[in-house]
Amino acid sequence: MADIILHHYPTSPFAEKTRLMLGYKQLPWKSVIIPSIMPKPDVVALTGGYRKTPMLQIGADIYCDTALIADVLEHLQPAPTLYPAHSKGMARTLAHWADNTLFWAAMAYNLQPKGFAHMFTRVPPEAAKAFAEDRKAMSLGMMRLRPADAASAYRSYLRRLSDMLDEHPFLLGDAPCITDFAMYHPLWFTRVNTPVVADIFDATPAVLAWMDRMAAIGHGTMEKFTAAEAIAAAAAAMPAALHDEPFMDEHGIALGSQVTVSGESFGLEPTAGELIAATRMHYTLRRTDERAGTVHVHFPRIGYQLKAA
Ligand SMILES: N[C@@H](CCC(=O)N[C@@H](CS)C(=O)NCC(=O)O)C(=O)O
């Protein structure tokens, strides 16, 4: 199999979710560090527009969104599973809640002025300003929680997580599953990137102990790789054969049409290409880039809009 290449940056919570899943599955990976704000020409050469972090590349296949990346890793290495048979519906549903509701409450709390100032202390003021402006543009039209409301919500969510840990070491049982990885990363951000506001954990020591167990999973075996090497790897590879799953049309858009796929909120940059698969859970677009050659870009259906170009 071609190398697993993760395009990410150290402080990204969704990247931490993915690094830990790679560690959990003991899948060796190559690390390409990408910018945290636009422009990201090397990312866009591969994705065709999608700019969120992280993104996973295997040869000429590009996987956007950590919900899809989790499915890809599960397929490559089924054990240990992210989706235990007895709770897979619940595990995915709770993970989706964590990646959305918990994530935004935690981030509004983390990036309150005190947290933001801590994160950017060693960075020139222009860089902090550029980061704030990039994220403001990404969240146009989104309802953002004010820090005080975020603090109350986050505190309640932490108590609920603590209750879930009363009877077992991980959220849904004796081993971590997709719910643990999705609930962990926004809390990791508080602890590691904005420790000045991490006293919110004082009331829930069971959550801190669970976070220690999650951190102990580690990131597995990683090797550094450059963006140029990753783009050359895409150019040298053929996209993998598509899975033999039926085409499911919900939009009246035929296979072979030129389409765009974009996020529903936060970072709406579209990827354009030919729709070559639309399965129960995923879309695949074929596109050709000057540097990366022909690539297949994959998205989950949930959270993304498919439109005729
Ligand atoms: N639903 C996406 C969310 C990804 C996301 O929002 N990532 C943040 C960083 S953790 C991001 O893209 N920030 C802007 C950027 O990195 O350009 C996923 O699961 O991958």
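First things first, this report covers the structure right here in the doc. Just so we're clear, the structure is a prediction, and the values are computed from it rather than from any experiment.

**Considerations on the overall build of the protein chain**
When its secondary structure is counted, the protein chain shows ten helices and ten strands. Principal-axis analysis of the C-alpha atoms gives the protein chain an extent of 55 × 50 × 40 Å. Taken across its 309 residues, the protein chain has 51% of its residues classed as buried. Surface accessibility of the protein chain: about 14200 Å² in total, with carbon and sulfur atoms responsible for 58%. For the protein chain, the distance from the average position of its 28 positive side-chain charges to the average position of its 31 negative side-chain charges is 5 Å.

**A closer look at unusual backbone geometry**
In this model, T53 is joined to P54 through a cis peptide bond whose omega is 0°. For P54, the position within the fold is in the loop between α2 (41-47) and β3 (55-58). Residues A79 and P80 are joined by a peptide bond in cis, for which omega reads -5°. Position of P80 relative to the elements: it lies in the loop between α3 (66-76) and α4 (88-110). Residue Q26 is not a glycine yet carries a positive backbone phi of 50°. As for its position among the elements, Q26 is in the loop between α1 (13-24) and β2 (29-33). Overall, Q26 belongs to the exposed group, its relative accessible area being 56%. Non-glycine residue D65 carries a positive phi angle of around 85°. The residue D65 is located in the loop between β4 (61-64) and α3 in this model.

**Topic: the pattern of salt bridges**
In a structure, side chains of opposite charge can pair up when their charged atoms sit close to one another. Evaluated as defined, the whole model comprises 15 salt bridges. Between E223 and K30 there is a salt bridge, with its nearest N and O atoms 3.8 Å apart. Residue E223 is found in strand β5 (residues 222-224), and its partner K30 is found in strand β2; the two are separated by 193 residues along the sequence. Across the pair R135 and D134 runs a salt bridge whose closest N-O atoms are separated by 2.6 Å. D134 matches R135 in its accessibility class, with the two residues each being buried. Because the salt bridges share partners, they merge into one network encompassing R51, D134, R135 and E269.

**Points about the side chain of H7**
Following the sequence through the fold, H7 ends up in strand β1 (residues 4-8). Since its relative accessible area comes to 2%, H7 is described here as buried. Contacts of H7, omitting those with residues within four sequence positions, involve V32, I34, L46, T53, P54, M55, Q57 and A230.

Conventions used here
- Every chain begins its residue count from 1, and numbering advances along the sequence as written.
- In keeping with the model being predicted, local features are shown solely for residues with a pLDDT of at least 70 and side-chain atom pairs are shown and tallied solely at 80 or more, while totals for entire chains, interfaces and linings include all residues.
- Computation of side-chain values covers all heavy atoms of the structure but excludes hydrogens and water.
- Only runs of H or I of at least four residues qualify as helices and only runs of E of at least two qualify as strands under DSSP, and these elements are numbered from the N terminus.
- Each residue is assigned to one of three classes by its accessible area relative to the maximum for its type, calculated with a 1.4 Å probe on protein chains only: buried under 20%, partly exposed between the two thresholds, exposed over 50%.
- All accessible areas in this document rest on Shrake-Rupley with a 1.4 Å probe, and a residue is counted as covered only by the protein chains that are shown.
- His is not counted here, nor are the chain ends, while Lys and Arg score as positive and Asp and Glu score as negative.
- For charged residues, the charge sits on one atom: NZ in Lys, CZ in Arg, CG in Asp, CD in Glu.
- Take a side-chain nitrogen of Lys or Arg and a carboxyl oxygen of Asp or Glu: if they are within 4 Å of each other, that pair is a salt bridge.
- Whether two residues are in contact is decided by their heavy atoms: any pair within 4.5 Å suffices.

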